[in-house]
Amino acid sequence: MIRTGHLLAAPAAHPPVSETSPRITGFPGQGPVMPAVTSSLSSKTLSLRLVLTVALALPAAATILPASANAAQASATDLKCLADTIYFEARGEPIAGQKAVAEVILNRVDDRQFPNSVCGVVNQGKAGACQFSYNCGGKQRPIREKAAYMRAHDVAEAALNGAPRTLTEGATYFHATSVRPSWSRKFLRTARIGSHIFYRPSGNRRVASN
């Protein structure tokens with residue numbers, strides 16, 4: 001499942017140590033870090049050693065964030081990009097039609113001819129040469145139908161979490177049934193779902209799906 005990252009709190013400060021304590025043990029698992037304290041040590045020397053002990057025991061700042069945090073953030077970003085595309089391209093479609101659009105995007109992510117992230121795929125191209133019609137203006141369009149967006153979000157989340165891609169036979173292109181673009185003659189038609197027709201390059205083997 002897609003999860004957001006969490007900051008790992010630094011270990012709690014070690015309990016105060018009195019001058020009569022026989023040994024400072026450090027943090028769990030580290031064993032003794034300082035020899036027995038004798039009465040001959042001045043309070044200033046003891047304080048300095050305590051500061052150095054705590055400083056050595058604490059993890060470096062760079063290790064506070066878990067390695068999975070960046071991946072989780074990337075996944076959350078891809079989820080939004082995929083949900084937005086499903087909403088704007090297929091919110092009026094049945095659930096199967098929305099899943100089919102999600103398949104096309106993820107099939108492109110798996111294809112070396114396209115960017116290797118969801119956001120990279122949906123934002124590919126410049127103004128006038130965009131890959132998805134809702135993205136052609138270069139401006140963020142408002143989401144006005146909240147219930148429809150939640151359905152698109154659920155479809156996107158399931159797709160990113162490994163839902164089988166069995167609807168479009170590896171399609172990497174689609175268009176509305178109301179148009180017939182010239183490029184469609186170059187590709188193999190794989191499915192018609194709702195008001196969209198799906199294609200993949202005729203010379204390519206089917207893109208691996210989950």
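The structure displayed is predicted, hence computed values, not measured ones. Per chain, residue numbering runs from 1 following the sequence as it is written. Confidence filtering applies because this is a predicted model: local features only for residues at pLDDT of at least 70, side-chain atom pairs given and counted only at 80 or more, and all residues used for totals across whole chains, interfaces and linings. Values shown for side chains rest on all heavy atoms present in the structure; no hydrogens or waters enter the calculation.

1. Regarding helix α3 (residues 95–110)
Because an α-helix packs 3.6 residues into every turn, residues spaced three or four apart end up facing the same way. Rules: Strands here mean DSSP runs of E at least two residues long; helices mean DSSP runs of H or I at least four residues long; both are numbered from the N terminus. Take the number of residues in a helix, subtract one, and multiply by 1.5 Å to get its expected span. The classification of residues rests on relative accessible area computed with a 1.4 Å probe and restricted to protein chains. Under 20% of the type maximum is buried, over 50% is exposed, and intermediate values are partly exposed.
In this model α3 runs 23 Å from its N-terminal to its C-terminal C-alpha over 16 residues, within 8% of the 22 Å that 1.5 Å per residue would give. Burial analysis of α3 places 12 of its 16 residues in the buried class, which makes it a mostly covered element. Restricting attention to buried positions, one finds in α3 the residues Gly97, Gln98, Ala100, Val101, Ala102, Glu103, Val104, Ile105, Leu106, Asn107, Arg108 and Val109.

2. With respect to the side chain of serine 184
In plain terms, the rule: In the analysis that follows, any N or O atom pair within 3.5 Å is treated as a polar contact, provided that within protein one partner can donate a hydrogen and the other can accept it, and provided that, for residues neighboring in sequence, both atoms belong to side chains. Any two residues whose heavy atoms approach within 4.5 Å at even a single point are treated as in contact.
Tracing the sequence through the fold places serine 184 in the loop between β1 (173–176) and β2 (187–193). At a separation of 2.7 Å, a polar atom in the side chain of serine 184 contacts the main-chain carbonyl oxygen of proline 181. Those residues within four positions of serine 184 in sequence are excluded, and the remaining contacts are His175 and Tyr199.

3. A word on the confidence of the model for the protein chain
Applied cut-off: How sure the predictor is of each residue is captured by pLDDT, a score from 0 to 100.
The predicted model of the protein chain averages 73 in pLDDT, with 58% of residues at 70 or higher. Segment residues 1–41: pLDDT under 50, and 51 contacts once partners within four positions in sequence are set aside and those in other chains are kept. Contacts of residues 54–65 to residues separated by more than four positions or lying in other chains number seven contacts, the stretch itself having pLDDT below 50.

4. Notes on the environment of serine 195
For serine 195, the location among the structural elements is in the loop between β2 and β3 (196–201). What makes serine 195 partly exposed here is its relative accessible area of 27%. Expressed as a C-alpha distance, the spacing of serine 195 and glycine 97, which sit 98 residues apart in the sequence, is 8.0 Å.

5. Looking at the state of the cysteines
Our working definition: Disulfide assignment relies on a single distance test, namely cysteine sulfur atoms paired within 2.5 Å.
Per the counting criterion, the structure on display carries one disulfide. Residue cysteine 81 pairs covalently with cysteine 119 via a disulfide, S to S 2.0 Å. Taking the sign of the S-S torsion, 100° for the link of cysteine 81 and cysteine 119, the bridge is right-handed. Residue cysteine 81 is located in helix α2 (residues 68–90), and its partner cysteine 119 is located in helix α4 (residues 118–122); the two are separated by 38 residues in the primary sequence. The exposure class of cysteine 81 is buried, given its relative accessible area of 15%.

6. A closer look at the nonpolar core
Our working definition: In this text, buried Ala, Val, Leu, Ile, Met, Phe, Trp, Tyr and Cys residues form a nonpolar core when linked through side-chain atoms within 4.5 Å.
By size, the foremost hydrophobic cluster in this structure holds 36 residues, and its most contacted members are Leu82, Ile86, Ile105, Val118, Phe132 and Phe198. Looking at this core, the elements with two or more residues in it are α2, α3, α4, α5 (146–160), β1, β2 and β3. Of the residues forming this core, the biggest block, eight residues, is contributed by α2. For phenylalanine 132, the residues in contact, after removing those within four places along its chain, are Thr85, Glu89, Ile105, Arg108, Val121, Val122 and Phe174.

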